[in-house]
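Survey of secondary and tertiary structure
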Amino acid sequence: MRIKAKNPKLISAIGEFMNVYLPCVRKRDDDTIASYRYSLNLYMTYLEQALSITLATIDASDFNQKNILAFLSWLKSDRGNVATTINHRLSDIRNFSRYLLKKKMIAPEDYEEIREINDVRDERVTDFTWLSVEDVKDILQSVAGNRDAIRDRFLLSLLYESGARINEILSLRHLDLKPTNEGEVDVHFFGKGNKHRITPLSEEIWKQYNSYCESGYHLTKNPEELVFYSYRNGQKNKMSSDNVSRILFKCEEKVRIKNPKLIHLHSHIFRRTRAMHLYQAGMPLPTISEWLGHSNIETTRFYAKVTEEMKRDALHKLSESADSIFKDDTVFKYADDEDMLKRLCGLK
């Protein structure tokens, strides 16, 4: 027997939100859409467990302040989620509620009550961790015994020097890497919301890219092909972040033999590390914000929360020594040239 939904219009709205609004109207990437899907599914799980509300019985009015507040408490008590995760789920549910408001499926006053829900305060005392220059060198050297050593070294080198998000790296096509007259390379990234930015990288990255391609991975360098791929069912597919996690897991195992205190490796730690190295080298926060593709400089200010020792260390810029990951690193070469940095970041 076919089950009839209590509110078919709401079911259609959820489908349109996931399949049309997010990917086509808002131009959200696959990871962001997956996050919304997971958050909405979690909310439905809560409603079913706490109030016996299912997709067949849910109504737009079930997206209300009382239910959402209870959902946030459930995330903490039953699922053990930390504040950052809870706030991420809240943001997704709040944005979907705003979509329902646009569709006139919930009242403005009901949405206003949802909008007023504050983020959960993170009371954890956590250390802001990143990798040292020596750590990064050790990690890059640790891939030497891998079956795909040339690819893995290029991938991790690019991940570090660009400071890009993992999905931005894995979405790169050959046409996005453009060599300069100086033998360096400009990489065109398309970040959250498909926002475009150009990141200038070193001659070393361009050399690694060419070695990677010429080693058999991309002999033709088809401009439209993805730079990083994996085979599934005999066909090339976009490499997944899980592939990168497996590479980093092996790196961590090897480096820990030499350095047992090495922090846990994940793709985002390279982005954080790059930002901290740039900050220590004296790059201004607005420029770092542009470099990382942050839409709000307040996000970048997190990197300014440093110890007095770090501030003293910043006096000895990495550009003034040979102690950088790549000796011809474009960023550190121009660390004292604010005008050049702005031009490199597309600000002039």
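Residues numbered from 1 in each chain as written. Predicted model: local features only at pLDDT ≥ 70, side-chain atom pairs only at ≥ 80, totals over all residues. Heavy atoms only, no water.

Both strand β4 (residues 229–232) and strand β5 (residues 235–238) contribute to a ladder of four bridges, which runs antiparallel. Counterpart to Arg232 in the pairing with β5 is Gln235. (Pairing = 2+ DSSP bridges. Helix = DSSP H or I, 4+ residues; strand = E, 2+ residues; numbered from the N terminus.)

To continue, consider helix α12 (residues 285–292). Across the eight residues that make up α12, a large majority, six, are buried. Within α12, burial applies to Leu285, Thr287, Ile288, Ser289, Trp291 and Leu292. Of the residues trailing α12, Gly293 is marked for its positive phi of about 80°. (Buried < 20%, exposed > 50% of the residue type's maximum accessible area, 1.4 Å probe, protein only.)

Turning to the side chain of Glu168, a few remarks are in order. Turning to its location among the elements, Glu168 is positioned in helix α8 (residues 166–170). Given the relative accessible area of 5%, Glu168 is considered buried. For Glu168, the side chain forms a polar contact with the side chain of Arg165, separated by 2.5 Å. If we ignore the near neighbours within four places in the chain, the residues touching Glu168 are Phe189, Phe190, Gly191, Lys192 and Arg197. (Polar contact = N/O pair within 3.5 Å; in protein donor to acceptor, adjacent residues only side chain to side chain. Contact = heavy atoms within 4.5 Å.)

The next subject is the nonpolar core. Note on soluble globular proteins: their nonpolar side chains tend to be buried together. Counting 47 residues, the largest nonpolar core has Phe154, Leu156, Leu177 and Phe228 as the members making the most contacts within it. When contributions to this core are tallied by element, the ones reaching two or more residues are α6 (133–142), α7 (149–162), α8, β2 (185–190), α9 (203–217), α10 (241–258), α11 (267–280) and α12. For Phe228, the contacting residues outside a window of four places in its chain are Arg151, Phe154, Leu155, Leu158, Ile169, Leu170, Tyr212, Asn237, Lys238 and Met239. Core analysis: the second largest hydrophobic core is formed by 35 residues, Ile14, Met18, Leu22 and Ile33 among them. (Core = buried A, V, L, I, M, F, W, Y, C linked by side-chain atoms within 4.5 Å.)

This next bit is on the sheet that holds strand β1 (residues 177–179). Taken in spatial order, the three strands of this open sheet run β1-β2-β3, and their pairing is antiparallel. Sheet topology places β1 and β3 (196–201) at the edges, where each strand pairs with a single neighbour. Adjacent strand axes in the sheet meet at a mean angle of 25° when their direction is disregarded. Of the strand pairs in this sheet, β2 and β3 are connected by six bridges, and their pairing is antiparallel. From the neighbouring strand, Phe189 faces β3, where its bridge partner is Arg197. Docked against the sheet, α7 engages β1, β2 and β3, running at close to 110° with respect to β3. (Axes fitted to C-alpha atoms, helices over the stretch in contact; angles between N-to-C directions.)

Within this structure, the stated rule accounts for 13 salt bridges. Glu134 serves as the salt-bridge partner of Lys137, at 3.9 Å between the closest nitrogen and oxygen. You can see Lys137 and its partner Glu134 sitting in helix α6, three residues apart, about one turn around the helix. Overall, Glu134 belongs to the partly exposed group, its relative accessible area being 43%. We note a salt bridge from Asp148 to Arg151, for which the minimum N-O separation is 3.8 Å. The exposure class of Asp148 is buried, given its relative accessible area of 16%. According to the relative accessible area criterion, Arg151 is buried, its value standing at 14%. When salt bridges that share partners are traced, they join Arg147, Asp148, Arg151 and Asp152 into one network. (Salt bridge = Lys/Arg side-chain N within 4 Å of Asp/Glu carboxyl O.)

This part takes up unusual backbone geometry. The residue Ser52 is not glycine, and still its phi comes out positive at about 55°. On the secondary structure map, Ser52 appears in the loop between α2 (30–51) and α3 (65–77). Here Asn233, not a glycine, exhibits a phi torsion of approximately 55°, which is positive. Turning to its location among the elements, Asn233 is positioned in the loop between β4 and β5.

With respect to the helices, strands and loops of the structure, Ile53 is situated in the loop between α2 and α3. Given the relative accessible area of 12%, Ile53 is considered buried. Ignoring sequence-local partners within four residues, the contact set of Ile53 consists of Met44, Leu47, Glu48, Ile58 and Asp62.

Together, Glu109, Asp110, Glu113 and Glu116 line one region of the surface with negative charge. Tracing the chain through its elements places Glu113 in helix α5 (residues 108–115). Glu113 sits in the partly exposed class, given a relative accessible area of 37%. (Patch = residues over 30% accessible without salt bridge, like charges linked within 9 Å, V, L, I, M, F, W, Y side chains within 5 Å. Areas by Shrake-Rupley, 256 points an atom, 1.4 Å probe, with all protein chains shown as cover. Lys, Arg positive; Asp, Glu negative; His and termini not counted. Charge placed at Lys NZ, Arg CZ, Asp CG, Glu CD.)

Nothing here speaks to function; it is geometry throughout.
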